[in-house]
Amino acid sequence: GSSELLRNDGTGSVTNVATLWGVGASGDIGKTAGFFDVDNDGDLDIFSNDPLTICQNNHGNSSYFVVIARGIADNVSSGASPTTPIGARITVFEAGTTTIVGHQEIVPSFNQFAPSFRKHFGVDSTALYDILVRFPSGIELTTSGVRPDQQVYTIGGNSLPNTIEIVEPVLV
């Protein structure tokens with residue numbers, strides 16, 4: 001058999017695009033796949049571990065943003081117990097409404113190619129959004145009026161556009 005890569009056509013149906021995208025040749029049955037932005041260009045790329053393949057999406061997309069959720073692990077000098085955001089739930093709403101645009105949960109990941117603390121949301125980059133993060137500790141943080149194309153996160157001297165970091169506060 002061969003692998004399948006299914007694309008939602010927006011009408012409730014899916015189409016197998018494995019051949020079109022150059023994955024899933026006969027005998028190449030992928031056992032695990034992940035979607036992540038390997039080159040930080042806003043397009044979700046595909047990683048498969050069997051056979052080891054990265055399918056890079058180069059269609060140009062600025063209609064997204066990434067939420068990085070962090071536990072208090074980096075704040076142990078305050079005397080707090082280190083935590084990770086595993087189990088945190090991120091919900092994105094249209095700003096000022098209860099209309100959900102996206103929802104993702106941070107789950108454990110043993111895949112070094114798909115960091116589990118970064119969650120990608122496809123959105124209108126010029127609209128405003130409210131982001132609610134519910135940490136496993138019970139703490140809930142809301143960041144309101146987020147416009148993705150105005151967010152820049154810097155890590156290690158590299159700037160990641162359309163990215164916002166939300167850190168669990170230390171309770172004292």
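In this text the structure is predicted, and so the values were computed from the model without any measurement.

(A) Geometry of the sheet that holds strand β7 (residues 89-94). Strand order in the open sheet made by the four strands is β8-β7-β10-β11, with antiparallel pairing throughout. On the outer flanks of this sheet lie β8 (100-105) and β11 (140-146), each paired with one strand and no other. Averaged over all neighbouring strand pairs, the angle between strand axes comes to 15°, with direction disregarded. Two strands pair when backbone bridges link them, and β7 and strand β10 (residues 129-134) are joined in this way by six bridges, in the antiparallel orientation. Bridge assignment links Val92 to a residue of β10, and that residue is Ile131.

(B) Expanded view of the environment of Ile68. Checked against the element boundaries, Ile68 lands in strand β6 (residues 64-70). Of the residues examined, Ile68 reaches a relative accessible area of 3% and is grouped as buried. Expressed as a C-alpha distance, the spacing of Ile68 and Phe117, which sit 49 residues apart in the sequence, is 5.7 Å. The residues touching Ile68, leaving out its near neighbours within four places in the chain, are Phe117, Arg118, Tyr153, Thr163, Ile164, Glu165 and Ile166.

(C) A look at the pattern of salt bridges. Counted according to the given criterion, the structure contains two salt bridges. For Glu140, the salt bridge is made with Arg134, and the minimal N-O distance between the two is 3.2 Å. When its relative accessible area of 48% is taken as the criterion, Glu140 is described as partly exposed. For Arg134, a relative accessible area of 25% puts it in the partly exposed group.

(D) Spatial organisation of the side chain of Glu168. Within the fold, Glu168 resides in the segment after β14 (163-167). Although Glu168 lies buried, it forms no salt bridge, and the closest oppositely charged side chain, Arg70, sits 11 Å away as judged by the N-O distance. Among the polar contacts listed, one links the side chain of Glu168 to the side chain of Ser137, at a separation of 2.5 Å.

(E) Quick peek at the packing of aromatic side chains. Under the counting rule described, the total for this entry stands at two aromatic pairs. Ring centres of Phe65 and Tyr129 lie 5.9 Å apart, and the angle between their planes is 45°; this geometry places the pair in the tilted category. Taken as a pair, Phe65 in strand β6 and Tyr129 in strand β10 lie far apart in primary sequence, 64 residues in all. Neither residue differs from the other here; Phe65 and Tyr129 are each classed as buried.

(F) Spotlight on the nonpolar core. If you look at the biggest cluster of nonpolar residues, it comprises 17 residues, and the most contacted ones within it are Phe65, Val67, Ile90, Phe121, Ile131 and Val133. For this core, the secondary-structure elements that each account for two or more residues are β6, β7, β10 and β14. Those residues in contact with Ile90 that sit more than four places away from it in its chain are Val67, Ala69, Gly102, His103, Gln104, Ile106, Lys119, Phe121, Ile131, Leu132 and Val133.

(G) Spatial organisation of the pairing of β10. Among the six residues in β10, five count as buried, and that is most of the element. Of the strand pairs in this sheet, β10 and β11 are connected by five bridges, and their pairing is antiparallel. From the neighbouring strand, Arg134 faces β11, where its bridge partner is Glu140. The hairpin formed by β10 and β11 contains five residues between the paired strands, and Gly138 there has a positive phi angle of roughly 100°.

Basis of the calculations
- Residues numbered from 1 in each chain as written.
- Predicted model: local features only at pLDDT ≥ 70, side-chain atom pairs only at ≥ 80, totals over all residues.
- Heavy atoms only, no water.
- Pairing = 2+ DSSP bridges.
- Helix = DSSP H or I, 4+ residues; strand = E, 2+ residues; numbered from the N terminus.
- Axes fitted to C-alpha atoms, helices over the stretch in contact; angles between N-to-C directions.
- Buried < 20%, exposed > 50% of the residue type's maximum accessible area, 1.4 Å probe, protein only.
- Contact = heavy atoms within 4.5 Å.
- Salt bridge = Lys/Arg side-chain N within 4 Å of Asp/Glu carboxyl O.
- Lys, Arg positive; Asp, Glu negative; His and termini not counted.
- Polar contact = N/O pair within 3.5 Å; in protein donor to acceptor, adjacent residues only side chain to side chain.
- Phe/Tyr/Trp six-rings, centres within 6.5 Å; stacked < 30°, edge-to-face > 60°.
- Core = buried A, V, L, I, M, F, W, Y, C linked by side-chain atoms within 4.5 Å.

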